[in-house]
Amino acid sequence: MAEASNEVHGPDFKKGCKIDEVAGGKMLLGHAFGEQVLVARRGDELFAIGATCTHYGGPLAEGLMVDCTVRCPWHHAHFDLRTGEAIAAPALNNVTCYKIEKRGDQFFVTGKIDEKFARKPKSTPASVIIIGGGAAGNAAAEMLRREGYDGPITLITADESLPYDRPNLSKDYLAGTAPEEWIPLRSADFYREQKIETLTNTSVTRIDAKSKRVTLSNGRSLDYGTLLLATGAEPVRLDIPGSDLPHVYYL
Ligand SMILES: Cc1cc2nc3c(=O)[nH]c(=O)nc-3n(C[C@H](O)[C@H](O)[C@H](O)COP(=O)(O)OP(=O)(O)OC[C@H]3O[C@@H](n4cnc5c(N)ncnc54)[C@H](O)[C@@H]3O)c2cc1C
Ligand code: FES
């Protein structure tokens, strides 16, 4: 992930700012507590969240405000203005949510809100198996936990590694400007803490939808309550002279 700059710009929201400076449906960039903060207005309601996208540091103040969300201008991650929650890919982490108070014709950003979003789904499957360890499989596993699903989740991937940031491979990583630690989407510890079992280097070779069972390339079988297919795509292999030369690689 990109390094964050410590420089802050715009008005100091801790000291107060005129409410009229933020028109309805608009956003204003400022700072509080040494961090860039985005204040957005919807009717009479004001929201304050971190202004830097948690994906690759995109400037949310230059993004699009849609209802109670802001969309990052770089790769269109969505954040909930009421909570700071990352609600659509590719961002995985929330931005900070701030307390905002109105006093007279001014507003003040008065502190950070550390609440967790505790949710309890109405009904849940006995277990979930996700086939695919790309961005989609990873996001599905994370969202199940965030939405309060606490049953067993198993993520099965034919890849050798845990889910990683594929788009970066052909850009900063290939150019040598992204260190290797930016590439995994999450650490092994993250999956352990979230109780998401990961099976790498493992293909699903058969799905028996009637008995709700998958067969793996190592001969094991696993039963599931719900099965999620996130098997993505493979690169099209070139069929032209030279395509089998040793310096031709596929990402
Ligand atoms: C080099 C590169 C650069 C890219 N750049 C961009 C970009 O700039 N912008 C952009 O929007 N997109 C980009 N993409 C595309 C983006 O990465 C894909 O859209 C995204 O990876 C799709 O995610 P996915 O989880 O749906 O599928 P995939 O990433 O294809 O993952 C599929 C997963 O399913 C697993 N799988 C498949 N079959 C089985 C099986 N039978 N058993 C077990 N596991 C199985 C695979 O091992 C893999 O883990 C790029 C992709 C690559 C490779
Ligand atoms: S930097 Fe915001 S979506 Fe990528």
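Keep in mind the model is a prediction, meaning the values are calculated, not measured.

Rules and cut-offs
Residue numbers restart at each chain and count upward from 1, following the sequence in its written direction. Chain letters start at A and ligand numbers start at 1, both assigned in the order the entries are written. Per-residue local features of the predicted model are confined to residues with pLDDT of at least 70, and side-chain atom pairs are confined, for both listing and counting, to 80 or more; whole-chain, interface and lining totals are unaffected and use all residues. Hydrogens and waters are ignored; side-chain quantities use all the structure's heavy atoms. Relative accessibility thresholds used throughout: buried, under 20% of the residue-type maximum; exposed, over 50%; partly exposed, between the two (1.4 Å probe, protein chains only). Counting from the N terminus, the helices are DSSP H or I runs at least four residues long and the strands are E runs at least two residues long. Strands qualify as paired when DSSP identifies two bridges or more between them. Definition used for salt bridges: Asp or Glu carboxyl oxygen within 4 Å of a side-chain nitrogen of Lys or Arg. Bear in mind that the domain bounds are from an automatic or database domain assignment. Throughout, a contact is declared for two residues whenever any of their heavy atoms are within 4.5 Å. Joining two parts hides part of their accessible area as seen by a 1.4 Å probe, and the buried area is that hidden amount summed over both. Between N or O atoms, a polar contact is any pair within 3.5 Å; within protein, one atom must be a potential hydrogen donor and the other a potential acceptor, and residues adjacent in sequence are included only when both atoms are from side chains. Residue classes follow a fixed rule: Ala, Val, Leu, Ile, Met, Phe, Trp, Tyr, Cys and Pro count as nonpolar, while Asp, Glu, Lys and Arg count as charged, and any other residue, Gly among them, counts as polar.

Draft legend 1. Geometry of the pairing of strand S3 (residues 35-42). Across the eight residues of S3, six count as buried, placing the element largely inside the fold. Of the pairings in the sheet, the one linking strand S2 (residues 27-32) to S3 comprises six bridges and is antiparallel in character. Looking at S3, one finds that Leu-28 is bridged to Val-39. Hairpin geometry of S2 and S3 is characterised by an intervening segment of two residues between the two adjacent antiparallel strands and by a positive phi of about 55° at Phe-33. In terms of strand pairing, S3 meets strand S4 (residues 45-50) through six bridges, oriented antiparallel. The residue bridging Arg-41 from the neighbouring strand is Leu-46, located in S4. The loop that links S3 with its antiparallel partner S4 comprises two residues; one of these, Gly-43, has a positive phi angle of about 60°.

Draft legend 2. A look at the pattern of salt bridges. Tallied over the entire structure, the rule returns twelve salt bridges. For Asp-150, the salt bridge is made with Lys-120, and the minimal N-O distance between the two is 3.7 Å. Here Asp-150, found in the loop between helix H1 (135-146) and strand S12 (153-156), pairs with Lys-120, found in the loop between strand S10 (106-113) and strand S11 (128-131); they are 30 residues apart in sequence, far enough to count as distant. With a closest N to O distance of 2.4 Å, Asp-189 and Arg-192 form a salt bridge. Pair noted here: Asp-189 and Arg-192 are both in helix H4 (residues 188-193), with a separation of three residues, about one helical turn.

Draft legend 3. Just the domain arrangement of the protein chain, in detail. The assigned domain composition of the protein chain is domain 1 (17-113) and domain 2 (128-229). Between the C-alpha centres of domain 1 and domain 2 there is a distance of 31 Å. With seven residues of domain 1 at the contact, the number on the domain 2 side is nine residues. By the criterion of area lost to domain 2, the three top residues of domain 1 are Tyr-56, Glu-85 and Leu-92, representing 74% of everything that side buries. Summed over the shared surface of domain 1 and domain 2, the result is one salt bridge. In this structure, the salt-bridge partner of Glu-85 is Arg-146, at a minimum N-O distance of 2.9 Å. Here domain 1 is connected to domain 2 by six residue pairs in polar contact (both at pLDDT 80 or more). When grouped by side-chain class, the residues that make up the side of domain 1 that touches domain 2 number four nonpolar, two polar and one charged.

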